[in-house]
Amino acid sequence: MATEKTDVVIVGMGAAGGILAAELGKAGMKVIGLERGPRLATADFSALDELRYFQRQDLRPNAKRQPVTWRPNAKARANPLPILNYGNQAGGGTVHYGAISWRFHEDDFRSRSQTIERYGASAIPKDCSLIDWPLTYADLEPFYDRAEYELGVSGRAGNLQGRKIEGGNPFEAPRRREYPLPPLMADQSGVIFAAGARKLGYHPFSSPRAILSQTYQGRPGCTYCGFCQAFGCHIGAKSSILVTKLPEADATGNFKLLTGTMCYRVKSDNSGRVTGVSYWGSDGSDNTIEAELVILAPFIYDNTRLLLLSKTAKFPNGLANSSGQVGKHLMAHIGARVFAAFDDRFVNIYMGPNAQKHSLDDCNADNFDHSGLGFIRGAQISITPADLEGGPIGAAMSMNPPPGVPRWGAAYRDFLSKYFARYAAIIAQTDNLPYADQTIDLDPNVRDQWGLPAPRLTYDWRRPNELARVEFLLGKLEELGRAMGATHVWRSPLGAGAPGAHHEGGTRMGSDPKTSVVNRYGQSWDIPNLFIIGSSTYPSMSGFNPTLTIQALAYMSADAIANRYKNKPGPLA
Amino acid sequence: MANKTDDERVTLSRRELLKRVGIVGVAAASVPAQALVPAAAMAPPVETSLSPQAVALPREALETFTAVEAATVEAMVARLIPTDENGPGAREARAAHYIDRALSGALASSLDAYRSGLSALDSYARASKGAPFAQLSTEEQDAVLTDMEHNVATGFAPNASTFFNLVRTHTIQGTFSDPYYGGNANFVGWDLIGYPGVRLAVTANDQRLDPHLIPTHKSAYDYTMFSKTRPARASLEGLEGLEGREGRARHGD
């Protein structure tokens with residue numbers, strides 16, 4: 001058993017943790033990072049092996065050793081989820097993600113107020129726990145800018161300081177300057193998507209991605225091999241935290257990374273402060289780190305789990321939980337999807353960066369009038385391979401054949417052989433409003449490889465607002481497929497109510513300590529030397545992917561800690 | 001075939017075999033012949049429209065299955081992605097070999113499901129059609145598989161459709177995965193669907209000109225930069241939870 005002392009301990013070295021490690025190390029703070037997975041290098045990634053990385057999930061948590069259970073409601077029995085869609089190594093999910101890098105819309109930060117102003121309070125479902133964020137887009141814009149430039153994001157501005165730019169997303173919030181890198185090349189799927197979308201009056205554009213379109217900061221530009229989502233980039237063109245911020249953290253001389261370590265408790269004393277963490281080493285040893293500042297930055301489940309596991313006589317409901325809000329308001333993206341197949345042309349969608357290649361934002365957020373539609377908020381609509389990954393196994397497994405074509409046999413083989421190179425999927429990635437009864441807690445029946453209770457999700461997205469929105473969007477996707485000139489357009493069946501990608505919530509931020517867990521900086525209302533940074537703090541979702549916003553929040557918190565908290569520890573808001 | 005004697009069954013099976021040879025020579029070449037007829041009695045492939053390299057694939061040594069199990073799996077994958085005058089299927093891709101090998105490695109946790117599932121399959125085939133699955137006609141095999149898919153076939157644990165989906169998933173993997181894993185032999189799966197294969201770079205021209213790309217016919221591990229990162233065959237485990245996820249959780253990021 002070892003005991004170490006440090007200024008800052010950070011649990012989880014992913015999208016948020018890596019940024020905090022680098023920035024706090026630069027500010028002269030001694031940082032120890034705990035990471036339960038290994039630290040791999042670019043040379044460790046053999047991209048191009050779909051079976052290994054996509055089917056066998058080589059870069060994701062082992063769902064058997066590290067189970068997360070799900071039940072649709074509090075009366076049902078929870079069963080382990082088959083796929084865990086987050087990272088399991090230094091760099092976290094940014095190692096294997098599709099690298100889609102959005103700034104949220106201005107109204108994503110205030111969707112409660114926006115909805116009430118435009119449609120009245122009755123437009124918000126009665127059981128919905130929607131609150132505004134405790135910060136505005138303008139507050140976060142400088143940190144979005146830093147994230148884009150320090151990490152390396154490719155795209156085209158659609159709104160430069162209020163001036164609309166042709167070819168970018170006209171619905172984006174104003175940005176201070178152009179992206180650091182031009183957009184990635186559009187493949188055939190992007191070309192036909194854009195043409196079809198324009199016919200319908202939409203505004204398509206190349207999705208912004210944390211993938212280098214050309215050499216940047218000593219890393220090479222993308223070679224369009226087509227293996228991004230679920231893969232580590234074998235040339236380091238993906239701007240993962242592994243190849244961007246972790247080397248910066250190393251260079252500060254103030255950073256130590258402990259891999260293969262599992263944090264199981266945040267320690268606190270009777271004064272109401274946290275004093276450090278306990279963790280198991282890769283050799284099974286039981287260790288302690290004493291720290292002035294504890295930052296939790298794992299994937300969202302482990303924030304709730306750690307806070308609940310760390311209860312004491314002083315904090316009987318878990319740490320940072322005087323509000324009773326820990327574990328509540330779990331949200332995830334819902335995927336509405338259609339397939340479009342062409343008898344008269346190839347699409348070859350397996351080429352190029354493969355997740356959500358080309359997009360339109362016309363049906364997202366409050367970018368369109370929802371009057372009379374029976375739902376609020378919207379979706380990012382994109383062209384993409386069947387399962388955001390371009391290989392043939394993914395297409396076969398994730399593309400349901402059109403009506404009348406069986407799932408096996410000669411007709412199925414003929415379907416695959418004719419359409420694999422001639423299909424595209426069109427997806428609407430749509431948000432889930434927050435509901436207090438969508439929760440994370442500790443599973444009383446299932447334990448993980450360390451003997452800790454598994455995180456248990458209680459969640460079912462199939463509520464009236466979400467179902468109405470998904471049906472509306474499926475109709476839009478079918479129109480798009482036809483406008484693209486597809487010979488065949490058909491829907492993918494909607495799944496059971498299980499959470500999809502991009503889980504958010506559980507330790508939400510807010511303006512009121514009675515209804516939220518942390519303030520705008522991720523600082524616990526109850527315990528000022530405890531921070532929680534990541535998408536678990538989101539009070540509401542966007543139709544957009546969450547990662548760039550996680551990163552911007554990490555920059556903002558690092559800035560507040562380095563420039564304010566370090567000199568005068570105490571509440572920042 | 002329900003009331004035939006063993007000898008008649010062998011004869012009929014062989015006739016069935018020869019019939020298939022007439023249509024697609026390769027199907028006979030890779031069928032587990034010793035389970036049905038002495039190897040010496042095998043007819044050579046005749047009149048095939050398939051490419052020469054797809055024919056005359058030797059049958060690999062078994063790593064996990066018994067000969068009887070292998071025969072059943074061979075027959076099953078050959079119906080899931082069949083071979084006919086329109087092209088090759090899972091048999092030529094050696095999907096059964098992929099499964100046989102993986103069950104001693106990355107898919108070891110599915111081995112019990114195969115052992116009990118294949119046994120249940122033969123029991124159900126005998127009860128409903130009068131012979132083990134591998135010895136049924138293709139029409140009878142399809143009827144049995146349809147019963148499994150629709151979960152009306154009995155005797156499976158936990159149920160027939162779970163086993164059906166497991167084998168379907170592994171058949172797809174064995175037909176379309178990197179040949180490194182023992183399936184997709186001679187890139188037959190990738191050629192079948194027009195996937196030109198893995199490549200380190202795709203040019204602007206490739207992406208712009210609506211091309212039908214020339215296949216690379218290379219495994220990822222044929223590229224020297226990846227030769228050091230070959231996966232350990234048994235390095236992964238506990239993956240059966242990933243099966244049958246159509247329409248369920250997405251991978252999306």
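Within each chain, residues carry numbers counting from 1 in the order of the written sequence. Whichever chain is written first is A, and whichever ligand is written first is 1; the rest continue in order. The predicted nature of this model means local features are confined to residues of pLDDT at least 70 and side-chain atom pairs, given and counted, to a pLDDT of 80 or more, with totals for whole chains, interfaces and linings taken over all residues. To get the side-chain values, take all heavy atoms of the structure and skip hydrogens and water.

J.: Account for helix 5 (residues 188-199) of chain A, with residues named and values stated.
T.: In a regular helix each residue adds 1.5 Å, so 12 residues correspond to 16 Å; helix 5 of chain A covers 17 Å between its end C-alpha atoms and thus fits that length. Those residues of helix 5 of chain A lying buried are Gln188(A), Ser189(A), Gly190(A), Ile192(A), Phe193(A), Ala194(A), Gly196(A) and Ala197(A). Packed against the buried residues of helix 5 of chain A are strand 14 (358-360), strand 15 (379-384), strand 16 (423-430) and helix 10 (464-483) of chain A together with helix 10 (204-208) of chain B. Here a strand is any run of E in DSSP of at least two residues, a helix any run of H or I of at least four, and the numbering for each starts at the N terminus. A helix is expected to span 1.5 Å for every residue after the first. Note on exposure labels: buried denotes an accessible area under 20% of the residue type's maximum, exposed denotes more than 50%, and partly exposed covers the range between, all computed with a 1.4 Å probe on protein chains only. Two residues form a contact once any of their heavy atoms are found within 4.5 Å.

J.: Give me the pairing of strand 15 of chain A: which residues, what numbers.
T.: All names here are of chain A. For strand 15, a buried count of six out of six residues is recorded, marking the element as mostly surrounded by other parts of the structure. With burial as the criterion, each face of strand 15 is covered, one bearing Ala379, Ile381 and Ile383 and the other bearing Gln380, Ser382 and Thr384. Two strands are said to pair when DSSP picks up at least two bridges between them. Pairing between strand 14 and strand 15: three bridges, direction antiparallel. Counted as the bridge partner of Leu360 is Ile381 from strand 15. Pairing between strand 15 and strand 16: six bridges, direction antiparallel. Paired with Gln380 across the strands is Gln429, a residue of strand 16.

J.: Tell me what's going on with the interface of chain B and chain A, and back it up with residues and numbers.
T.: In this assembly, 71 residues from chain B lie in contact with 70 residues from chain A. Accessible-area loss on putting two parts together, using a 1.4 Å probe and summing over both, is the definition of buried area adopted here. At the boundary of chain B with chain A, total buried surface from both sides reaches about 6100 Å², with 56% on carbon and sulfur atoms. Between Arg407(A) and Glu149(B) there is a salt bridge, and its shortest N-O distance comes to 3.3 Å. N or O atoms closer than or at 3.5 Å make up a polar contact, with two conditions inside protein: a donor-capable atom paired with an acceptor-capable one, and, for residues adjacent in sequence, both atoms drawn from side chains. For the interface between chain B and chain A, the tally reads 18 residue pairs in polar contact (both at pLDDT 80 or more). Within the residue set of the side of chain B that touches chain A, elements represented by two or more residues are helix 3 (67-80), helix 5 (95-102), helix 7 (138-149), helix 8 (160-176), helix 9 (188-193) and helix 10 of chain B. In terms of residues, the side of chain B that touches chain A owes the most to one element, helix 8 of chain B, which gives seven residues. In the side of chain B that touches chain A, the residues fall into 36 nonpolar, 17 polar and 18 charged. In the sections that follow, a salt bridge refers to a side-chain nitrogen of Lys or Arg positioned within 4 Å of a carboxyl oxygen of Asp or Glu. Any residue outside Ala, Val, Leu, Ile, Met, Phe, Trp, Tyr, Cys, Pro, Asp, Glu, Lys and Arg is labelled polar, Gly included; the first ten of those are nonpolar and the last four are charged.

J.: For the nonpolar core, give the residues involved together with the corresponding values.
T.: The set of buried Ala, Val, Leu, Ile, Met, Phe, Trp, Tyr and Cys residues whose side-chain atoms join them within 4.5 Å is what this entry labels a nonpolar core. Ranked by size, the top nonpolar core spans 223 residues in total, and within it Leu24(A), Leu34(A), Ile295(A), Ile381(A), Ile426(A) and Met148(B) carry the most contacts. For this core, the leading source of residues is helix 11 (residues 547-565) of chain A, giving 12 residues. If we skip the residues at most four places from it in the chain, Leu34(A) touches Val9(A), Ile10(A), Val11(A), Gly12(A), Met13(A), Leu258(A), Thr261(A), Cys263(A), Val277(A), Tyr279(A) and Ile289(A). By size, the runner-up hydrophobic cluster in this structure holds six residues, among which are Ile124(A), Ile376(A), Leu433(A) and Tyr435(A).

J.: So, the sheet that holds strand 19 (residues 488-491) of chain A: which residues are in play, and what are the values?
T.: By way of backbone hydrogen bonds, the strands of a sheet pair with one another, either parallel or antiparallel. Residue and element names in this part refer to chain A. Here six strands make up an open sheet; going across it, the order is 7-14-15-16-13-19 and the pairing antiparallel. Two strands close off the open sheet at either side, each with one partner strand: strand 7 (205-206) and strand 19. Lines fitted to the C-alpha atoms define the axes, with helices restricted to the stretch that makes contact. Angles between their N-to-C directions range from 0 to 180 degrees. Packed on one face of the sheet, helix 5 meets strand 14, strand 15 and strand 16 and runs near 20° to strand 14. Sheet contacts for helix 10: strand 13 (334-341), strand 14, strand 15, strand 16 and strand 19; angle to strand 13, the most-contacted strand, approximately 20°.

J.: Can you lay out the sheet that holds strand 18 (residues 453-458) of chain A for me, pointing to particular residues and giving the numbers?
T.: All names here are of chain A. If you walk across this open sheet you meet the four strands as 4-3-18-17, and the pairing is mixed. For this open sheet the edge positions go to strand 4 (79-80) and strand 17 (439-447), each flanked by a neighbour on one side alone. Relative to the sheet, helix 7 (residues 300-309) contacts strand 17 and strand 18, its axis offset from that of strand 17 by approximately 75°.

J.: I'd like to hear about the environment of Val202(B), residue by residue, with values.
T.: If you trace the backbone, Val202(B) turns up in the loop between helix 9 and helix 10. Residue classification places Val202(B) among the buried residues on the basis of a relative accessible area of 5%. Along the sequence, Val202(B) and Val73(B) sit 129 residues apart, while their C-alpha atoms lie 37 Å from each other. Every residue in contact with Val202(B), bar those within four places of it in the chain, is listed here: Thr223(A), Tyr224(A), Cys225(A), Met351(A) and Gln207(B).

J.: Talk me through empty space enclosed by the protein; I want residue IDs and the actual numbers.
T.: Residues and elements named next belong to chain A. Whether a set of points on the 1 Å grid over the protein atoms alone is a cavity depends on a 1.4 Å probe fitting there but being unable to get out, while an open set qualifies as a pocket with protein on both sides within 12 Å along at least five of seven lines; lining residues are those with an atom within 4 Å of a point. Grid points are joined across faces, edges and corners, and a volume is the space filled by probe spheres set on the points. Enumeration over the complete set of coordinates arrives at 17 cavities of 30 Å³ or more. Looking at the largest cavity, its volume works out to about 650 Å³. Contributing to the lining of the largest cavity are 39 residues, with Tyr86, Gly87, Gly93, Pro298 and Phe299 lying nearest its centre. The set of elements that each furnish at least two residues to the lining of the largest cavity consists of strand 2 (31-35), strand 9 (262-268), helix 7 and helix 11. Per-element tally for the lining of the largest cavity: the top contributor is helix 7, with three residues. Partitioning the lining of the largest cavity into residue classes produces 18 nonpolar, 17 polar and four charged.

J.: Can you tell me about the environment of Thr304(A), naming the residues and giving the values?
T.: Residue and element names in this part refer to chain A. Looking at the element boundaries, Thr304 is found in helix 7. As a C-alpha pair, Thr304 and Ala320 span 16 residues in sequence and 9.9 Å in three-dimensional space. With sequence-adjacent residues up to four places away left out, Thr304 is seen in contact with Val326, Gly327, Ile440, Gly506 and Thr507.

J.: A description of the pattern of salt bridges should follow, citing residues and the corresponding values.
T.: All names here are of chain A. Applying the stated criterion to the full structure yields 43 salt bridges over all chains. For Lys5, the salt bridge goes to Glu290, with nearest N and O atoms at 3.6 Å. Here Lys5, found in strand 1 (residues 3-11), pairs with Glu290, found in strand 11 (residues 286-296); they are 285 residues apart in sequence, far enough to count as distant. Given a relative accessible area of 70%, Lys5 falls into the exposed group. When its relative accessible area of 35% is taken as the criterion, Glu290 is described as partly exposed. Of the charged contacts, one joins Glu292 and Arg273 as a salt bridge, the two residues approaching to 3.6 Å between their closest N and O atoms. Here Glu292, found in strand 11, pairs with Arg273, found in the loop between strand 9 and strand 10 (274-280); they are 19 residues apart in sequence, far enough to count as distant. Salt bridges here are not isolated pairs; linked through shared partners, they connect Glu23, Lys26, Arg146, Glu150, Lys245 and Glu248.

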